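Chain by chain, the residues run as shown.
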Amino acid sequence: MSTAVSPAPAASAAGDTPLLRLEGVSAGYDRAVILEDINLTLAEGETLALLGRNGVGKSTLIATLMGATVLRGGRMQWRGGDLVAVPAHRRSAAGLGWVPQERWIFPSLTVRENLAVTARPGKWTLERVYELFPRLQEREDNMGTQLSGGEQQMLAIARALLLNPRLLLLDEPLEGLAPVVVEELVRAIGQMTLDRDLSFILVEQHARQALELTSKAVVMDRGRIIYDGASDTLLHNPDHLNQLMGFA
Amino acid sequence: MLAILLTVLFDGLAYGMLLFLISIGLSVTMGMMGFVNLAHGAFAMFGGYVATTLMQRAGVPFLVTLPVAFALVALASIVVERLLYQRLYRRGPLDQVLFTVGLTFMSVAGITWFYGPSQQPVVLPAFLQGQVSLFGLEVGIFRLFLVAVGLLVAAAVVLGVERTRFGAKIRAAVDNPVMATGLGINVGGVFALTFAIGSGLAGLGGALGIQILGLTPAFPLKYLVLFLIVVSVGGLGSVGGALLAACVVGVIDMMTKYFLPEIGSFIIYAVMVALLMWRPHGLLGKKS
Ligand SMILES: Nc1ncnc2c1ncn2[C@@H]1O[C@H](COP(=O)(O)OP(=O)(O)OP(=O)(O)O)[C@@H](O)[C@H]1O
Ligand SMILES: [Mg+2]
């Protein structure tokens, strides 16, 4: 197992330009620099588990992809082009679908409006996300904040799917949910990516579940990447996983 | 006596509609975007001068000057927003107050320089002059027209915010600008357009109000407090609240000016203080 950055990924069907490539990225907030020297490559159709303890910078990395942090240095490439040059409000159109950790449902919008206001044409339609999450259809006229935590999480995922993204950024979607709901969501995530043209990055503190759902894994500690390799490898080496996650 | 009372009441309503048209943009920018724009009255005044200038210098019919006043003021406000206001969004309210009060005085001085200090005349088209009998009550046709325009605009604004995709974008951008941006909403653009529409409505109100409110360079200072009362009593960002408050303020102001001219302004401020003590978040404002 390498603890260093893995070699370039195998060429994807679309050619050998990766979907996403970060080189030496450092970023943070107004005063604090949180991320340092982040290197990461994701091929088209690949799925990535982003692991690490509380406060190591997982959400900051996701927010950096969305242009919601202050970038201090490094390069970010998206499908061969420069991602940094894409203004934050155009990144969803470029193919990034953000499901933030806080869910951030719009409270003044109904469930249906939350879904429709930013929807983009594509194979994910209102009908299809309602098929995936029937509960949302039942509650479509409720205001966004009248939903339970689990329903809000479904709404946040459905809202991102309706952007018809190429890469879904799922920031701890299972956090704080009842086991039944977790099961339902895990099933949904598996279903979503049956077609190989949707990739995702799944942020999780509970590593096992995330590793089972993904092909690649990255572990972060204090703003840096300390492991980059196959999910399987980590899954079958619990000692190494525990050590990386700081439980050893 | 009753007929006089009803006529004054109706005049107050028409006056309230003008206050509503001008104040609604201020209510939206202060309530939704948290920006204290005390120069809002200057946009209304600008609309009034656009209308009189077009009528006097180019013989443009009154009704045609109204959409032009709306559009020109909306456009001018976009320039002001992009060049000046945008820098002030992250500053504190005191900076915003000082900056926009400064702009107001500049606009007063600028207009005085161009047009002189005197009252601008307006000649209404014949079909808007005179009286008409409504349920046995003689009312001015122009005032009836003002009430109709006010109600139409109120309905359009409510429907626009509640029922259109653009309205949903405004609400989303106000709720959570970071998430809205991440989902593809150009928050700065949405705010600028909202601001422009609100300013354009003020310009429309200014053009419609030349006769009733009067039009001199002192306009933005003379009415600023009334606009703020409408916004505050109505509840920040509430369209229905602003409409209700504008009608209440308009009727009370008109009544006291007519029946109790010596203490007219005392009463309107006393009512404001009482209403705000009774409902600190405005008549229809949300408790935060
Ligand atoms: N808006 C912010 N401004 C300043 N610092 C922040 C902000 N958000 C997060 N941080 C800091 O950045 C660091 C990384 O936070 P981040 O949310 O990225 O961690 P995380 O790995 O997602 O943690 P968790 O698993 O708890 O969600 C923390 O030290 C945190 O305090
Ligand atoms: Mg996090």
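Residues numbered from 1 in each chain as written. Chains lettered and ligands numbered in written order. Predicted model: local features only at pLDDT ≥ 70, side-chain atom pairs only at ≥ 80, totals over all residues. Heavy atoms only, no water.

### Considering the overall build of chain A
Alright, step 1. Secondary structure assignment for chain A yields 10 helices and 10 strands.
Alright, step 2. The C-alpha radius of gyration computed for chain A amounts to 17 Å, which stays within 12% of the reference 18 Å derived for 248 residues, consistent with globular compactness.
Alright, step 3. With the C-alpha coordinates aligned to their principal axes, the bounding extent of chain A is approximately 50 × 40 × 40 Å.
Alright, step 4. Within chain A, buried positions represent 52% of all 248 residues.
Alright, step 5. In chain A, the proportion of contacts linking residues at least 24 apart, taken out of those at least 6 apart, comes to 71%.
Alright, step 6. The positive charge centre, built from 24 side chains, and the negative charge centre, built from 29, are 5 Å apart in chain A. (Helix = DSSP H or I, 4+ residues; strand = E, 2+ residues; numbered from the N terminus. Rg over C-alpha atoms; globule rule 2.2 N^0.38 Å. Buried < 20%, exposed > 50% of the residue type's maximum accessible area, 1.4 Å probe, protein only. Contact = heavy atoms within 4.5 Å. Lys, Arg positive; Asp, Glu negative; His and termini not counted. Charge placed at Lys NZ, Arg CZ, Asp CG, Glu CD.)

### Re helix 6 (residues 165-175) of chain B
Alright, step 1. By the burial criterion, the buried members of helix 6 of chain B are B:Gly167, B:Ala168, B:Ile170, B:Arg171, B:Ala172 and B:Ala173.
Alright, step 2. Against the buried residues of helix 6 of chain B lie helix 3 (111-116) of chain A together with helix 1 (2-33), helix 5 (141-163), helix 7 (177-182) and helix 8 (187-208) of chain B.

### Some thoughts on the coordination of the magnesium ion (ligand 2)
Alright, step 1. Within the protein, the atoms that donate to the magnesium ion (ligand 2) are A:Ser59 (OG) and A:Gln101 (OE1), at distances of 1.9 to 2.1 Å. In this pair, A:Ser59 is assigned in helix 1 (residues 58-65) and A:Gln101 in the loop between strand 6 (96-99) and helix 3, connecting sequence segments 42 residues apart. (Donors = N, O, S within 2.8 Å, 3.2 Å for Na, K, Ca; no water.)

### Focus: the packing of aromatic side chains
Aromatic ring pairs are described here by two measures, namely the spacing of the ring centres and the angle between the planes.
Residues and elements named next belong to chain B.
Alright, step 1. One pass over the structure, following the stated rule, counts 14 aromatic pairs over all chains.
Alright, step 2. Relative to Phe 142, the ring of Phe 62 has its centre 6.1 Å away and its plane inclined at 65°; by these criteria the two rings are edge-to-face. Pair noted here: Phe 62 is in helix 3 (residues 62-83) and Phe 142 is in helix 5, with a separation of 80 residues, a long-range link. In this pair, the class of Phe 62 matches that of Phe 142, namely buried.
Alright, step 3. Taking 5.5 Å as the distance between ring centres and 70° as the angle between the ring planes, the aromatic pair formed by Tyr 85 and Phe 195 counts as edge-to-face. (Phe/Tyr/Trp six-rings, centres within 6.5 Å; stacked < 30°, edge-to-face > 60°.)

### Remarks on the side chain of A:Ser92
Alright, step 1. Mapped onto the fold, A:Ser92 is located in helix 2 (residues 91-94).
Alright, step 2. Of the residues examined, A:Ser92 reaches a relative accessible area of 2% and is grouped as buried.
Alright, step 3. One polar contact links the side chain of A:Ser92 to the main-chain amide nitrogen of B:Gly184, over a distance of 3.4 Å. (Polar contact = N/O pair within 3.5 Å; in protein donor to acceptor, adjacent residues only side chain to side chain.)

### Remarks on the pairing of strand 2 (residues 137-140) of chain B
Alright, step 1. Judged from the four bridges that link them, strand 1 (residues 131-134) of chain B and strand 2 of chain B form a sheet pairing that is antiparallel. The residue of strand 2 of chain B that forms the bridge with B:Gln131 is B:Gly140. (Pairing = 2+ DSSP bridges.)

### Some words on the site of ligand 1
Residue and element names in this part refer to chain A.
Alright, step 1. Taken together, 13 residues lie near ligand 1, and Asn 54, Gly 55, Lys 58, Ser 59 and Thr 60 sit nearest.
Alright, step 2. Gly 55 places a polar main-chain atom, nitrogen or oxygen, 2.8 Å from an oxygen atom of ligand 1.
Alright, step 3. For ligand 1, the protein covers 60% of the area, taking 640 Å² as the surface of the free molecule.
Alright, step 4. In terms of residue count, the dominant contributor to the shell around ligand 1 is helix 1 (three residues).
Alright, step 5. In terms of residue class, the shell around ligand 1 is made up of three nonpolar, seven polar and three charged. (Near = heavy atom within 4 Å. Areas by Shrake-Rupley, 256 points an atom, 1.4 Å probe, with all protein chains shown as cover. Nonpolar A, V, L, I, M, F, W, Y, C, P; charged D, E, K, R; others polar.)

### A closer look at the UniProt feature "transmembrane region" (unreviewed entry) in chain B
All names here are of chain B.
Alright, step 1. Look at the UniProt record and you will see "transmembrane region" (unreviewed entry) annotated at residues 6-28, 35-56, 62-85, 97-115, 135-161, 182-204, 224-252 and 259-278.
Alright, step 2. The annotated region residues 6-28 carries 100% helix and 0% strand content, and the separation between its end C-alpha atoms amounts to 32 Å.
Alright, step 3. Annotated as residues 182-204, this span is 83% helix and 0% strand, and its ends, taken at the C-alpha atoms, are 35 Å apart. (UniProt positions renumbered as here; feature names shortened; annotations may be inferred.)

### Some details on the packing of helix 1 of chain B against helix 10 (residues 219-234) of chain B
All names here are of chain B.
Alright, step 1. Close contact between helix 1 and helix 10 brings their axes to 9 Å; oriented N to C, the two are set at 75°. One way to sum up the angle between helix 1 and helix 10 is to call them roughly perpendicular. Residues Tyr 15, Leu 19, Ile 22, Ser 23, Leu 26, Ser 27 and Met 30 of helix 1 touch helix 10, and the partners they reach there are Phe 219, Tyr 223, Leu 226, Phe 227, Leu 228, Val 230 and Val 231.
Alright, step 2. For the contact of helix 1 with helix 10, a count of residues per class yields 12 nonpolar, two polar and no charged. (Axes fitted to C-alpha atoms, helices over the stretch in contact; angles between N-to-C directions. Parallel < 35°, antiparallel > 145°, perpendicular 65-115°, else oblique.)

### Quick word on the sheet that holds strand 1 (residues 20-28) of chain A
Residues and elements named next belong to chain A.
Alright, step 1. Read across the sheet, four strands follow the order 2-1-4-5 without closing on themselves; strand pairing throughout is antiparallel. On the outer flanks of this sheet lie strand 2 (33-42) and strand 5 (81-82), each paired with one strand and no other.
Alright, step 2. Two strands pair when backbone bridges link them, and strand 1 and strand 4 (residues 70-78) are joined in this way by seven bridges, in the antiparallel orientation. Bridged to Arg 21 within strand 4 is Gln 77.

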